[in-house]
Amino acid sequence: MKKIIILLMVVCLVVVFSLSLLAAGKDIAVLTPYLASVTTNTMIESFREEAEKEGWEITVYDTKGDFNELANRYEDIIAQGVDAIVMGMGDPNQLKKQIKIANEAGIPVFGGDAGYIDGIQCNVTSNNYILAAQNTSYLLDKINGGKVVKFYHSAHPGVFKREVVFDAIVDSRDDIEVVAEHFVQVPGPIEDARQAMQSILLANPDIDAVWAAWDEPAIGASLAIQQAGLEADIIVFGIDGNSQALEMIKKGSPIKATVKQDFAAMGTILVEQIKRVFAGKEVSDKIIYAPSILVTESNVEQFITD
């Protein structure tokens, strides 16, 4: 009996060791149209750092906002026979064909703040409805009625959810008027938002606030407001909690709040879920949320690292 127990233990150790060898040396492709974004870059670099600890080979492909090129690169990567694909943001609805091809080839696809559709193992993200509810509610409490400008980017599924929440909350308020809306171009969201805000201010110098679906257009709008000498009159709100936005909140710029997402944690969670699939297990859930917190002038210091 004792020999049987020892034999079983040896077999278990061999199996575990074999699985670890199989997991090591995996080739993983990360595809994104948004690598120029600070937050996308943070998530992908966190993922790369954790993944390389597992012995995985990580290759990142950036199509610089070109979604047609993104689809082509997916097909190229699938043909190469990688072990897994990570979708670094972007809308999976635009890649249904490619995701289906990957599934048929036995290549698991994972989303990093990318939205979820059938065919993806899981999407690791923030709860974008909560993000938008946090910053929109705070904005409206601050101005207590008035004129607002909206910066959005519906092409990103998570950002689109924020827009939906903003619209719903604003529509419920008779004292709020959205006087201008701008679809932010990517790449180059800061400069695009800055130029757009300059034009908006010419037609609407008496606005009260700017709602931005993420921090980079908030930064661009804030720069334009400062250049116009209106920083005492207009307040700006973003989402993401990137380092530049946090510094601008600290220094008293028009940006007064953001909702900080934990993009580094998203990268770590992605690695954990891929490890589960490589080990023959199911993912923990189809949609997995990383934590977020509202950052304002009162608590910004604790989120700034030297």
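The notes below deal with the structure included here. (Residues numbered from 1 in each chain as written. Predicted model: local features only at pLDDT ≥ 70, side-chain atom pairs only at ≥ 80, totals over all residues. Heavy atoms only, no water.)

Glancing now at the side chain of His 153. Structurally, the position occupied by His 153 is in the loop between strand E6 (146-152) and helix H6 (157-171). If near-sequence neighbours (up to four positions away) are discounted, His 153 is found in contact with Tyr 34, Val 159, Phe 160, Phe 183, Val 184, Val 186 and Trp 214. (Helix = DSSP H or I, 4+ residues; strand = E, 2+ residues; numbered from the N terminus. Contact = heavy atoms within 4.5 Å.)

A sheet is described by the order of its strands in space; here 6 strands give the open sequence E2-E1-E3-E4-E5-E11, paired in parallel fashion. Lying at the two open borders of the sheet, with one neighbouring strand each, are strand E2 (57-62) and strand E11 (287-289). Each neighbouring strand pair of the sheet contributes to a mean axis angle of 20 degrees, computed without reference to strand direction. Judged from the 4 bridges that link them, strand E3 (residues 84-88) and strand E4 (residues 109-112) form a sheet pairing that is parallel. Each residue of the ladder has a partner; that of Val 86, found in E4, is Phe 110. (Pairing = 2+ DSSP bridges. Axes fitted to C-alpha atoms, helices over the stretch in contact; angles between N-to-C directions.)

With that out of the way, let us pick up the pattern of salt bridges. Within this structure, the stated rule accounts for 14 salt bridges. For Glu 54, the salt bridge identified is with Lys 275, shortest N-O distance 3.5 Å. Taken together, the residues Glu 54 in the loop between helix H2 (38-53) and E2 and Lys 275 in helix H10 (residues 263-278) connect sequence positions 221 residues apart. Judged by its relative accessible area of 29%, Glu 54 is partly exposed. For Glu 191, the salt bridge identified is with Arg 194, shortest N-O distance 2.6 Å. Of this pair, Glu 191 and Arg 194 both sit in helix H7 (residues 189-203), 3 residues apart, which is roughly one turn of that helix. By relative accessible area, Arg 194 is classed as buried at 17%. Here the residues in one salt-bridge network are Lys 150, Glu 163, Asp 167 and Glu 181, joined through shared partners. (Salt bridge = Lys/Arg side-chain N within 4 Å of Asp/Glu carboxyl O. Buried < 20%, exposed > 50% of the residue type's maximum accessible area, 1.4 Å probe, protein only.)

Here we come to the side chain of Gln 273. Tracing the chain through its elements places Gln 273 in helix H10. In this structure Gln 273 comes out as buried when scored by relative accessible area, which is 4%. Setting aside anything within four residues of it in sequence, one finds Gln 273 in contact with Phe 110, Cys 122, Val 283, Ser 284 and Ile 288.

By themselves, these figures tell us nothing about what the structure is for.
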